[in-house]
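Here is what each chain is made of, one letter per residue.
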Amino acid sequence: MATMSKRFVMPQSEAHTGGCQCGAVRFRVTRLGRPSICHCRMCQKAFGGFFGPLVTAHNAIWTRGEPKWFQSSNAARRAFCGECGTPLAYETRFGLELAIGTFDDPTVAAPEIQVNPRDRQPFFQQLTSLPVRDEESDEWRDFMAGIHSNQHPDHDTADWPPAGAE
C-alpha cells in the first residue's frame, strides 16, 4: 500500500491542511480528488456515524506526528490518532483518502458522490427534515458559555498543546 512520505515539502499556499482533534497528528496535501460519502458498514463503524466522508489525497504528507493504522480488511487500512482516536484516513492499493471533517477548512472537499448505497441507513434521506433544537434558550446559552475547548485550532501551530496547557 502507498504511504505518505515525510520527505516532500510543499509550499503552504498551495496546500490544504488538517489534523486530528487533539493536534498530535497533522497533514498537508497539495491536490484533492473526488470527495465522497461512503455508506459501507466499515466506514460507519470507523467514523462512529452514518457514513464516512472521504476525499482522495494526492501528494499528502504527515506534518506532525504519525497516525496509528488498523487493517480493517484484506484490502484496506485506516489511520487514526493514537492519542484522541480521530479517524484520519483510509488507504487501499488505489491510494489514500483523508477524512473530510479533519481538514482545517472542510469546505474544500464538499462531497460530490455517495458510494456503497446498499449499506446506507434507511433513515439517512430524512435526516435534514428532523426538527432543530432551540439554541436560543437561556439554559443552552449558559451551557455553551461555560465550555472551554481543548481541541486543536483549525490551522497549523508551531507547538501543541500550547505552553501551560495540560
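This text follows the structure it describes.
Right, let's walk through the structure included here. The model shown is predicted, which means the values in this text are computed figures rather than measured ones. (Residues numbered from 1 in each chain as written. Predicted model: local features only at pLDDT ≥ 70, side-chain atom pairs only at ≥ 80, totals over all residues. Heavy atoms only, no water.)

### Here we look at the overall build of the protein chain
Test applied: Every helix listed is a DSSP run of H or I at least four residues long, and every strand listed is a run of E at least two residues long, numbered separately from the N terminus. Any two residues whose heavy atoms approach within 4.5 Å are treated as being in contact. Calculation of accessible area relied on Shrake-Rupley with a 1.4 Å probe; when residues are assessed, cover is drawn exclusively from the protein chains displayed.
Assigned secondary structure in the protein chain consists of 2 helices and 10 strands. The order of helices and strands in the protein chain, counted from the N terminus, is β-β-β-α-β-β-β-β-β-β-β-α. Looking at the protein chain alone, contacts between residues at least 24 apart form 61% of all its contacts between residues at least 6 apart. A total accessible area of about 10,600 Å² is found for the protein chain, and carbon and sulfur atoms account for 52% of it.

### Looking at the pairing of strand E9 (residues 95-99)
Counted only if it meets this: Only protein chains enter the accessibility calculation, which uses a 1.4 Å probe; a residue whose area is less than 20% of its type maximum is buried, one above 50% is exposed, and one in between is partly exposed. Note on pairing: two strands pair once DSSP finds at least 2 bridges between them.
Counting buried residues along E9, 5 of its 5 residues qualify, which places the element largely inside the surrounding structure. As judged from the 4 bridges shared by strand E8 (residues 87-92) and E9, these two strands associate in the antiparallel manner. Residue pairing in the sheet places Ala89 in a bridge with Leu98 of E9. Counting the residues that bridge the hairpin from E8 to E9 gives 2 residues.

### Some words on the environment of Ser72
One can find Ser72 in the loop between strand E6 (68-70) and strand E7 (77-80). Along the backbone, Ser72 and Glu91 are 19 residues apart, and their C-alpha atoms lie at a distance of 10.0 Å. Every residue in contact with Ser72, bar those within four places of it in the chain, is listed here: Met42, Arg77 and Arg78.

### Quick look at the side chain of Asp104
Heads up, the rule is: By the criterion applied in these results, polar contacts are pairs of N or O atoms within 3.5 Å in which, for protein atoms, one can donate a hydrogen and the other can accept it, and in which residues neighboring in sequence qualify only through two side-chain atoms.
For Asp104, the location among the structural elements is in the loop between E9 and strand E10 (113-115). At 2.5 Å, the side chain of Asp104 and the side chain of Thr17 are in polar contact. There is a polar contact of 2.7 Å between the side chain of Asp104 and the side chain of Arg26. If we ignore the near neighbours within four places in the chain, the residues touching Asp104 are Thr17, Gly18, Arg26, Pro153, Asp154, His155 and Asp156.

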